[in-house]
Amino acid sequence: MTIDTPPISAATQRRGTSTPATRVIGVLTIAMTIWLGVFGLVLSPADRDQGDAVRIMYVHVPSVWLAYLAFIVTALASGVHLFGRRHSLQADRVAGASAEIGVVFMAVTLVTGMLWGRITWGVYWQWDARLTTTALLFISYIGYLAVRGLEGTREQRARRSAIVGLLAVLEVPLVHWSVKLWRSLHQEATVLGTDLDVSLDGLMLFSLFVGVVAFTLLFIWLLLHRSRMLTMIDLSAESGLNAALAQRRAEGGVSL
Amino acid sequence: MTNAGFILGSYALTFGSIVIFAWRTVKVGKRLSADLSDEDKPWL
Amino acid sequence: MSSSGRIQVARAVLSKDLQIERRSKVLTSQIIPFAVVTLVLFAFALDGDAILQRTAPGLVWLAMLFSSMIIVQRSFAVETSDGALDALRVAGADMSAVFWGKWLALVIQLLVLELVLLAGAIVMFGIELRASGVVLLVTSSISATCGLSAVSTIYAGLASGVRGRESLLPLLVLPVASPVLIGATRAAEAAFGTGGTVVSEGWPWVGVLSVFAVVFSFGGSLAFGPLIDD
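Residues numbered from 1 in each chain as written. Chains lettered and ligands numbered in written order. Predicted model: local features only at pLDDT ≥ 70, side-chain atom pairs only at ≥ 80, totals over all residues.

S.K.: Give me the lowdown on the overall build of chain C, citing residues and values where you can.
M.R.: Secondary structure summary: chain C contains nine helices and zero strands in total. The order of α-helices and β-strands along chain C, N terminus first, is α-α-α-α-α-α-α-α-α. A compact globule built from 230 residues would reach a C-alpha radius of gyration of about 17 Å, and chain C, at 18 Å, matches this within 12%. Dimensions along the principal axes, computed over C-alpha positions, put chain C at roughly 55 × 30 × 30 Å. Here the contacts in chain C between residues at least 6 apart in sequence split such that 85% fall between residues at least 24 apart. (Helix = DSSP H or I, 4+ residues; strand = E, 2+ residues; numbered from the N terminus. Rg over C-alpha atoms; globule rule 2.2 N^0.38 Å. Contact = placed C-beta atoms within 7 Å.)

Now the structure itself:
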């Protein structure tokens with residue numbers, strides 16, 4: 001048996017995981033992100049209560065939106081893998097890629113949220129239901145990524161991850177509910193005052209809207225690139241194994 | 001702008017993370033893509 | 001498989017787990033001493049009777065959570081070291097029945113541990129259990145244990161037979177189990193009257209704990225088959 005090396009064109013090498021569609025989305029994302037920077041930092045006014053701290057919201061809210069969107073996509077793709085008749089590995093890769101993106105943006109969200117909290121509340125952290133749930137969710141998805149990295153056959157790993165991806169969805173309402181009930185029993189929660197909900201109007205709302213659109217496009221772009229990347233990682237792991245097996249057989253090292 | 005350090009820091013962190021993450025994704029994609037033939041890439 | 005067959009499988013798994021425990025005495029000779037040492041260390045770290053009395057419910061449940069990680073690791077190490085789970089699967093045993101068996105065995109072991117920890121806290125931290133708080137304490141402990149056992153069984157089953165599971169299990173279980181810690185601690189505080197709480201403040205937490213237990217027990221019994229099956 002010979003191992004045929006596939007012909008690789010220079011164009012393919014240059015292209016990698018991008019296609020005309022991702023290039024269009026990429027350019028749109030960059031344009032929208034610059035627009036977001038201009039609106040958020042320059043054009044939008046300072047808030048009456050929060051002052052300039054409100055500007056952090058224009059990157060914080062879109063990144064938390066992106067992170068939750070990514071986790072929803074992970075759960076949906078996990079469901080498609082687990083309950084779909086074909087147990088599609090592509091769905092599993094989409095789930096994995098989406099969770100990786102979600103974890104990155106969850107980390108960004110937590111840090112920018114803390115910076116905002118330091119200015120507005122005077123403290124980096126408050127044991128608020130939303131904050132606490134988000135932090136625990138972040139840890140849970142780090143666990144999910146660790147589960148994806150566990151050993152096993154490709155199908156085993158995909159099924160395990162899909163179940164963990166779906167269990168994480170059960171976790172969210174229960175954690176949120178319990179933390180909310182816990183904090184409602186404490187007086188000091190209300191003393192700190194300022195709620196996360198702020199009334200935004202006009203340019204502020206528009207800046208936020210720009211941010212959400214930009215980050216949604218960014219999510220699509222990242223998801224396409226990363227799931228293609230994971231497809232290739234699977235393929236090269238497979239072909240690496242096949243090549244190794246073929247080599248061993250050629251050497252006569254394995255008697256089957 | 002008051003608290004400029006915190007605000008600009010937030011923007012730098014967010015956009016910096018995006019750029020690093022995106023750049024690494026594209027880079028790994030290109031490296032892997034060099035070893036695989038075109039028929040293994042259904043998106044092409 | 002018929003429902004009586006399922007009950008038979010669950011009962012067999014349960015009695016097997018308890019028998020292993022009876023013979024090996026790991027719970028009594030290793031895990032309970034570990035948990036008690038944890039309580040003593042808490043007393044060293046949080047010097048002061050007043051602080052210990054205030055934090056006793058939380059300390060008991062933290063010690064519970066950490067000890068339960070060890071118990072559940074062991075419960076599945078027994079299964080995978082000689083491929084027992086695979087054998088059960090090949091024999092056609094219903095996996096959700098296996099889940100219920102392991103779950104109940106874990107519940108029983110955790111309740112024993114809890115009894116020791118609560119007694120230890122009462123003795124060492126000088127907390128007083130009010131007669132009116134006993135019912136709340138028992139109910140909340142049982143419902144918290146059912147939930148904790150379900151979550152641990154799911155994730156331990158998932159990681160069973162895989163290298164590196166010892167370090168992964170706490171990472172998977174602890175964030176999910178955080179409502180159990182919050183609920184059980186608050187209920188125990190109400191039962192003990194810590195910080196001037198009254199018993200009635202504890203009952204909403206029993207609700208949270210029960211919902212948690214039901215969701216993860218049934219979720220676990222559904223997920224367990226696909227997790228082990230391969």
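S.K.: Which residues make up the nonpolar core, and what values go with them?
M.R.: Counting 141 residues, the largest nonpolar core has A70(A), V60(C) and L117(C) as its most contacted members. Looking at which element gives the most residues to this core, the answer is helix α3 (residues 54-83) of chain A, with 16 residues. In contact with A70(A), not counting residues within four places along its chain, are S98(A), A99(A), I101(A), G102(A), F105(A) and F219(A). (Core = buried A, V, L, I, M, F, W, Y, C linked by C-beta atoms within 7 Å. Buried ≥ 20, exposed ≤ 12 C-beta atoms within 10 Å, placed from the backbone.)

S.K.: Any details on the interface of chain C and chain A? Residues and values, ideally.
M.R.: Contact residues are listed per partner, giving 24 residues for chain C and 24 residues for chain A. At the level of secondary structure, the elements contributing two or more residues to the side of chain C that touches chain A comprise α6 (134-159), α7 (165-176), α8 (178-192) and α9 (203-228) of chain C.

S.K.: Just give me the short version of the confidence of the model for chain C, but keep the residues and values in it.
M.R.: Per-residue confidence for chain C averages 88 on the pLDDT scale, and 98% of its residues sit at or above 70. In the predicted assembly, ipTM is 0.92 and pTM is 0.87. (pLDDT = per-residue confidence, 0-100.)

S.K.: Go over the packing of helix α3 (residues 49-81) of chain C against α6(C) with me, naming the residues and quoting the values.
M.R.: Residue and element names in this part refer to chain C. The interhelical angle for the contact between α3 and α6, taken along N-to-C directions, is 45°, at an axis separation of 10 Å. Classified by the angle between their axes, α3 and α6 sit oblique to one another. Two packed elements cross with a definite hand, and for α3 against α6 that hand is right-handed. Contacts between α3 and α6 pair S68, V72, Q73, S75 and F76 from the former with L148, S152, T153, A156 and G157 from the latter. Its residues assigned to classes, the contact of α3 with α6 shows four nonpolar, six polar and no charged. (Axes fitted to C-alpha atoms, helices over the stretch in contact; angles between N-to-C directions. Parallel < 35°, antiparallel > 145°, perpendicular 65-115°, else oblique. Left-handed = near helix turned anticlockwise from the far one by under 90°. Nonpolar A, V, L, I, M, F, W, Y, C, P; charged D, E, K, R; others polar.)

S.K.: Tell me about unusual backbone geometry, and please be specific about residues and values.
M.R.: Non-glycine residue H87(A) carries a positive phi angle of around 45°. You can see H87(A) is positioned in the loop between α3 and α4 (89-120). Positive phi, close to 55°, is recorded for K25(C), a residue that is not glycine. Here K25(C) shows up in the loop between α1 (3-24) and α2 (26-45). K25(C) sits in the exposed class, given 10 other C-beta atoms within 10 Å.

S.K.: Give me the lowdown on helix α6 (residues 154-184) of chain A, citing residues and values where you can.
M.R.: Here α6(A) spans 45 Å end to end across 31 residues, near enough to the 45 Å set by a 1.5 Å rise per residue. At E171(A), α6(A) shows its largest kink, close to 25°, and the proline P173(A) lies no more than four residues downstream. (Expected span 1.5 Å × (residues − 1). Bend = angle between axes of the 7 residues up to and from the residue.)

S.K.: Tell me about the packing of helix α8 (residues 203-251) of chain A against helix α1 (residues 4-33) of chain B, residues and numbers included.
M.R.: At a minimum axis separation of 9 Å, α8(A) and α1(B) run at an interaxial angle of 35°. Note that α8(A) runs across α1(B); the crossing there is left-handed. Mapping the contact onto sequence places L218(A), L222(A), H225(A), R226(A), R228(A), M229(A), M232(A), I233(A) and S236(A) in α8(A) and I18(B), A22(B), T25(B), V26(B), V28(B), G29(B), L32(B) and S33(B) in α1(B). Taken together, the residues that form the contact of α8(A) with α1(B) break down as ten nonpolar, five polar and two charged.

S.K.: Give me the environment of G164(C): which residues, what numbers.
M.R.: Position of G164(C) relative to the elements: it lies in the loop between α6 and α7. Taking the C-beta count within 10 Å as the criterion, G164(C) has 12 such neighbours and is therefore assigned exposed.

S.K.: For the arrangement of the chains, give the residues involved together with the corresponding values.
M.R.: If you rank the two pairs of chains in contact by how many contacts each has, first place goes to chains A and B. Kept free of each other, chain B and chain C leave a smallest C-alpha distance of 24 Å between them.

S.K.: Before we move on, can you summarise the environment of F216(C) with the specific residues and values?
M.R.: Residue and element names in this part refer to chain C. Mapping F216 onto the fold places it in helix α9. Look at F216 and you get buried, because 29 C-beta atoms sit within 10 Å. Expressed as a C-alpha distance, the spacing of F216 and S152, which sit 64 residues apart in the sequence, is 9.8 Å. Here F216 is in contact with G147, A150, V151 and I154, once residues within four sequence places are set aside.

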